Amino acid sequence: MQRTREPMDTHLLRILQILLTEQSVSRAAIKLGLSQPALSNSLRRLRDITGDPILVRGKTGMVPTARGLELLAHANEALSAIERITQPPGAFDPARTTREFHLGAPDYLDAMFLPNIAEILRREAPHAKFIVHPINAEYDYAGGLEDGGLDVVIGNWLEPPPQMHMARLFDDEVVCMIGSQNPAAHRELTLKHYLDLPHLAPFPHVTARQSFIDGHLASQGLKRNIQMTIPYFGQVAGMLLRTDLIFTTGRQFAQHYARYLPITILPAPLPFPPMRFYLLWHRRCHGAPEVVWLRQCIAKVAAMLQASLDSDRQNLLTPHQDKP
């Protein structure tokens, strides 16, 4: 029956390293602050654990065995690894990192939010990679955060997942988009007219349940007339310019397209709660310096966007006076 050998601990590993480096029990004892008898006892234990003499007598003193030289290399590597494990992480330098960052987000944010994040990352971390994963009803974003496939997720939920860390990013006002060629763009949008108009709607991007818009309408006992459903928000503007459809969305998305295309923005005919966007991340990377930095970049963009949305909303609420 094979005898169970004593396990190697960090203290013995350090003694092994110094013994093989100094090649002298007395010098190693002085360097380690131990008595010679104590160090001799440790050498006996090491010989028993390794099954090798480690140090043998030569013409001019103790010399390491061939196995001893191999053990010295292993001890150096092991102690270096232990030191890296026990030391706190160093400061994260975005300018030098080559890390690959993974962000999950609906393509609703493609118009302004994601390009602004990309701008900051390219400026501050030019050697990093930035991969955006589309979030849709089939995508398991919670699993991606847990297994490391995603660093963070951005989305709008009426009730964000409780098991994740979360930060509120910005609130967006619900408005309606319509092609300016559409006669409905030039008349008051009453609730009845709104419900009767043919609607364009996206597939839900988080769950297979009702969308944010339809969920709120249902809570009021209302239902809109959805005539067309599309998978990508990038298709919305082209659809509106060539059809009689109306699209209900957030102001930041609508304003982006209204700046460049003949798109008219109309107030929603009933009060919707704000579309509230959150940043989610898993506790496994809560304190990771590089992910903390990424979250700070996203929060910075969100703050700028929220200020812009608040300013636009205030301008709409403030009556404009004619110049004298």
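This one's a predicted model, so the numbers in the text were calculated from it and none came from an experiment. (Residues numbered from 1 in each chain as written. Predicted model: local features only at pLDDT ≥ 70, side-chain atom pairs only at ≥ 80, totals over all residues. Heavy atoms only, no water.)

Enumeration over the complete set of coordinates arrives at 11 aromatic pairs. Between the aromatic rings of Tyr108 and Phe233, the centroid separation amounts to 5.3 Å while the plane-to-plane angle is 80°, which identifies the pairing as edge-to-face. Taken as a pair, Tyr108 in the loop between strand E3 (100–105) and helix H5 (113–124) and Phe233 in the loop between strand E9 (225–230) and helix H9 (236–242) lie far apart in primary sequence, 125 residues in all. Taking the centre distance of 5.5 Å and the plane angle of 15° together, the rings of Tyr108 and Phe277 count as stacked. Pair noted here: Tyr108 is in the loop between E3 and H5 and Phe277 is in strand E12 (residues 275–281), with a separation of 169 residues, a long-range link. The exposure classification of Tyr108 matches that of Phe277, with both residues buried. (Phe/Tyr/Trp six-rings, centres within 6.5 Å; stacked < 30°, edge-to-face > 60°. Helix = DSSP H or I, 4+ residues; strand = E, 2+ residues; numbered from the N terminus. Buried < 20%, exposed > 50% of the residue type's maximum accessible area, 1.4 Å probe, protein only.)

Take the packing of helix H2 (residues 25–32) against helix H3 (residues 36–50) next. H3 packs onto H2 with a crossing angle of 110° between their chain directions and a minimal axis gap of 9 Å. It follows from the interaxial angle that H2 and H3 lie roughly perpendicular. Along the contact surface, H2 presents Val25, Ser26, Ala28, Ala29 and Leu32, while H3 presents Gln36, Leu39, Ser40 and Leu43. Looking at side-chain class alone, the contact of H2 with H3 contains 6 nonpolar, 3 polar and no charged residues. (Axes fitted to C-alpha atoms, helices over the stretch in contact; angles between N-to-C directions. Parallel < 35°, antiparallel > 145°, perpendicular 65-115°, else oblique. Contact = heavy atoms within 4.5 Å. Nonpolar A, V, L, I, M, F, W, Y, C, P; charged D, E, K, R; others polar.)

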